[in-house]
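# Summary of the model geometry
Chain residues, written in single-letter form:
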Amino acid sequence: LALVLVLGPAAAAAQVPSLGIDDAAARLSAGGYVLMMRHAQTEPGVGDPPQFRIGECATQRNLSSEGREQARAIGATLRAAGIRIAQVRSSQWCRCLETAELAFGAHEAWPALNSFFADRSDEPRRTAEVRRFAGGLRPPDNAMLVTHQVNISAVFASYASPGEIVAGRWRDGALVPEFRFVGERR
């Protein structure tokens, strides 16, 4: 997160190489990757309205119609590229749950992926939980975690645009980002 705040999103993103979908698929075929995907495009705005409540989508900033199409395209592209995903977990925010549903179908809501944009006090606990999960992931499995920009920044010190995926592996006692890719063909 410090990289993003100090250097800006472009500099932080440059720290993790960007791959095309075919190169990403080739690397992911080995398994053992944690894929953190930022939810698809939303209606304009930052954060959520003050009356926000988990489980009540009408109180949240949600996917735009373009975001819904983007989520579907991401799922179709990953399937067409042969990318195997053993499990999908999602933040409980409606924009993440809808992204996961449209892109991947079956998914599990996981509070560790919930945004801490408005309250940073939960960041260390949630980030540690994601890292513990990553430490237990073994090839040939890959796991997709649909979440928010702040969560991806905290785990990987990397900025992700809506629908972008940052892939990392557990190595030498740490979750290390290896590459990023856009989950749809352009």
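Refer to the preceding data block for the structure.
Residues numbered from 1 in each chain as written. Predicted model: local features only at pLDDT ≥ 70, side-chain atom pairs only at ≥ 80, totals over all residues. Heavy atoms only, no water.

## Points about the pattern of salt bridges
The line we're drawing: A pair is scored as a salt bridge if a Lys or Arg side-chain nitrogen falls within 4 Å of a carboxyl oxygen belonging to Asp or Glu. Comment: elements are numbered from the N terminus, with helices defined as DSSP H or I runs of at least four residues and strands as E runs of at least two.
Overall, the coordinates contain 11 salt bridges when judged by the stated rule. Of the charged contacts in the structure, one is a salt bridge between R89 and E108, with a shortest N-O distance of 3.8 Å. Remark: E108 occurs in strand β4 (residues 108–109) and R89 occurs in strand β3 (residues 87–90); sequence separation between them is 19 residues. Each of D122, R125, R126 and E129 takes part in a single network of salt bridges with overlapping partners.

## Some words on the side chain of T127
Quick note on the threshold: For every residue, the accessible area (1.4 Å probe, protein chains only) is compared with the maximum for its type, and the residue is labelled buried under 20%, exposed over 50%, or partly exposed between those bounds. Here a polar contact means two N or O atoms within 3.5 Å. Within protein one must be a hydrogen donor candidate and the other an acceptor candidate, and residues neighboring in sequence count only if both atoms are side-chain atoms.
Here T127 is to be found in helix α6 (residues 123–135). Among the residues examined, T127 registers a relative accessible area of 3% and is labelled buried. One polar contact links T127 to E123, side chain to side chain, over a distance of 2.8 Å.

## Observations concerning the pairing of strand β5 (residues 143–147)
Applied cut-off: For two strands to count as paired, DSSP must find a minimum of two bridges between them.
Of all five residues in β5, five are buried; the element is thus mostly enclosed. Alternating positions in β5 separate into two faces, A143, L145 and T147 on one and M144 and V146 on the other, with burial throughout. Pairing analysis gives five bridges linking strand β2 (residues 33–38) to β5, with the strands arranged parallel. Within β5, the position partnered with M36 by the bridge is L145. Relative to β5, β3 runs parallel, the two sharing four bridges. For R89, the partnering residue across the bridge sits in β5 and is L145.

## Here's the deal with the packing of helix α4 (residues 65–80) against helix α5 (residues 94–104)
Operational definition: Orientation is described by axes fitted as lines to C-alpha atoms, over the contacting stretch for helices, and by angles from 0 to 180 degrees between their N-to-C directions. Between 65 and 115 degrees an angle is taken as roughly perpendicular, under 35 as roughly parallel, over 145 as roughly antiparallel, and anywhere else as oblique. A clockwise turn of the near helix away from the far one marks a right-handed crossing, whereas an anticlockwise turn of less than a right angle marks a left-handed crossing. Whether two residues touch is decided by their heavy atoms; if any such pair falls within 4.5 Å, the residues are in contact. Here the nonpolar group is Ala, Val, Leu, Ile, Met, Phe, Trp, Tyr, Cys and Pro; Asp, Glu, Lys and Arg are the charged ones; every other residue, Gly included, is treated as polar.
Packing of α4 against α5 leaves a shortest axis separation of 7 Å and a crossing angle of 40°. Taken together, the axes of α4 and α5 are oblique relative to one another. Crossing geometry of α4 relative to α5 is assigned as right-handed. In this structure, α4 uses R68, A71, R72, I74, G75, L78 and R79 to contact α5, whose residues at the interface are E98, T99, L102, A103 and F104. The residue inventory of the contact of α4 with α5, partitioned by class, reads six nonpolar, two polar and four charged.

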